[in-house]
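Chain by chain, the residues run as shown.
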Amino acid sequence: MQATAYTYDPESRSGQVLLDDGTPVPFDAAAFDAGGLRLLRPGQRVRIEVEGARDALRITLVTLQTL
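Here is a short report on the structure shown in this document. (Residues numbered from 1 in each chain as written. Predicted model: local features only at pLDDT ≥ 70, side-chain atom pairs only at ≥ 80, totals over all residues. Heavy atoms only, no water.)

## Concerning the pattern of salt bridges
Okay, step 1: In total, this model carries 4 salt bridges according to the counting rule given.
Okay, step 2: As a salt-bridge pair, Glu49 and Arg47 come within 3.1 Å of each other at their nearest N and O atoms.
Okay, step 3: Residue classification places Arg47 among the partly exposed positions, given a relative accessible area of 33%. (Salt bridge = Lys/Arg side-chain N within 4 Å of Asp/Glu carboxyl O. Buried < 20%, exposed > 50% of the residue type's maximum accessible area, 1.4 Å probe, protein only.)

Here's what the structure looks like:
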């Protein structure tokens, strides 16, 4: 699944992404660390992996979108 980085706090390594329909979904440090990233800037296109249903999505991985 793809999304756009919306917020990112480097101290907690957590933030939010926006799904393509504009829905914000938070991610925690574990999801950020799983992607091997060092930094994330708002507006960057990312690939995410999720668990759960639409109303209870949990992001398990955040990484940069590559072509």
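## Details of the sheet that holds strand 2 (residues 14-19)
Okay, step 1: Here 5 strands make up an open sheet; going across it, the order is 3-2-1-4-5 and the pairing antiparallel. The sheet is open, and its two borders are formed by strand 3 (24-27) and strand 5 (58-64), each paired with just one other strand. The average undirected angle you get between the axes of adjacent strands in this sheet is 40°.
Okay, step 2: Strand direction decides the pairing type here: strand 2 and strand 3, joined by 4 bridges, are antiparallel. Note on strand 3: the bridge partner recorded for Gln16 is Pro26. (Pairing = 2+ DSSP bridges. Helix = DSSP H or I, 4+ residues; strand = E, 2+ residues; numbered from the N terminus. Axes fitted to C-alpha atoms, helices over the stretch in contact; angles between N-to-C directions.)

## Things to note about the environment of Phe32
Okay, step 1: Structurally, Phe32 is set in helix 1 (residues 29-34).
Okay, step 2: Judged by relative accessible area, Phe32 falls into the buried class, the value being 1%.
Okay, step 3: Remark: the alpha-carbon pair of Phe32 and Leu19, spanning 13 residues in sequence, is separated by 16 Å.

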